[in-house]
Amino acid sequence: MEQQASGQRILDPIERAKLGVKVFNLPYSQAEALIDDYVSGKNYDQASVDYFKDQVATQIHIREKGAELLVTGGEIIKLITRSFMQNLPKSIDRG
């Protein structure tokens, strides 16, 4: 796909989807390098490339924060469970 005014190519949805699959589990620095390699020398509009990189960075940030939230939730559940177990009435041995 080309932009009318500049004649430069833009990353179309199919290209973004293919690149997205490739960079899905990569850290941002590796994902950025892969994107740069893909567009290198192919006359892509830099704004569309930057926009895609921003989308990838956002997705990576969301994934990282989601993992942190999962860990924090696990810690909260562990604390609640421990507190609950410590506050259970002790059984009385009526021998």
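Look up: the structure comes first, before these words.
What comes next concerns the included structure. (Residues numbered from 1 in each chain as written. Predicted model: local features only at pLDDT ≥ 70, side-chain atom pairs only at ≥ 80, totals over all residues. Heavy atoms only, no water.)

We now examine the overall build of the chain. Secondary structure summary: the chain contains three helices and zero strands in total. From first element to last, N terminus to C terminus, the chain shows the α and β order α-α-α. Counting only residues that meet the buried cut, the chain has 17% of its 95 residues in that class. Total accessible area on the chain stands at roughly 7300 Å², and carbon and sulfur atoms take up 59% of it. (Helix = DSSP H or I, 4+ residues; strand = E, 2+ residues; numbered from the N terminus. Buried < 20%, exposed > 50% of the residue type's maximum accessible area, 1.4 Å probe, protein only. Areas by Shrake-Rupley, 256 points an atom, 1.4 Å probe, with all protein chains shown as cover.)

Moving on, we get to the nonpolar core. Within the largest apolar cluster, 11 residues are counted, these being L11, L19, V23, A31, I35, V39, Y44, V49, F52, V56 and I60. Elements supplying a minimum of two residues to this core: α1 (13–23), α2 (28–39) and α3 (46–86). Element by element, the count of residues in this core is highest for α3, at four residues. Apart from residues lying up to four places away in sequence, L19 is in contact with L11, L34, Y38 and F52. (Core = buried A, V, L, I, M, F, W, Y, C linked by side-chain atoms within 4.5 Å. Contact = heavy atoms within 4.5 Å.)

This part covers the side chain of K53. Mapped onto the secondary structure, K53 falls in helix α3. The contacts of K53, once residues within four sequence positions are left out, are Y28, E32, I35 and D36.

With that out of the way, let us pick up the packing of α1 against α2. One way to put it is that α1 packs onto α2 with a least axis distance of 10 Å and a crossing angle of 145 degrees. The way α1 lies across α2 gives a crossing that is right-handed. On α2, the residues that touch E15, L19, K22 and V23 of α1 are A31, L34, I35 and Y38. Its residues assigned to classes, the contact of α1 with α2 comprises six nonpolar, no polar and two charged. (Axes fitted to C-alpha atoms, helices over the stretch in contact; angles between N-to-C directions. Left-handed = near helix turned anticlockwise from the far one by under 90°. Nonpolar A, V, L, I, M, F, W, Y, C, P; charged D, E, K, R; others polar.)

Once that is clear, we can look at the environment of D54. Within the secondary structure layout, D54 lies in helix α3. Between the alpha carbons of D54 and E32 there is a distance of 9.8 Å; along the sequence they are 22 residues apart.

This structure, assessed with the given rule, holds five salt bridges. Between K53 and E32 there is a salt bridge whose closest N-O contact spans 3.8 Å. On the criterion of sequence distance, the pair formed by K53 in helix α3 and E32 in helix α2 is long-range, its members being 21 residues apart. Of the residues examined, K53 reaches a relative accessible area of 8% and is grouped as buried. For E32, a relative accessible area of 28% puts it in the partly exposed group. Residue K78 is joined to E75 by a salt bridge in which the shortest nitrogen-to-oxygen separation is 3.4 Å. Here the residue K78 and the residue E75 both occupy positions in helix α3, the gap between them amounting to three residues, near one helical turn. Among the charged side chains, a salt-bridge network with shared partners connects E32, D36 and K53. (Salt bridge = Lys/Arg side-chain N within 4 Å of Asp/Glu carboxyl O.)

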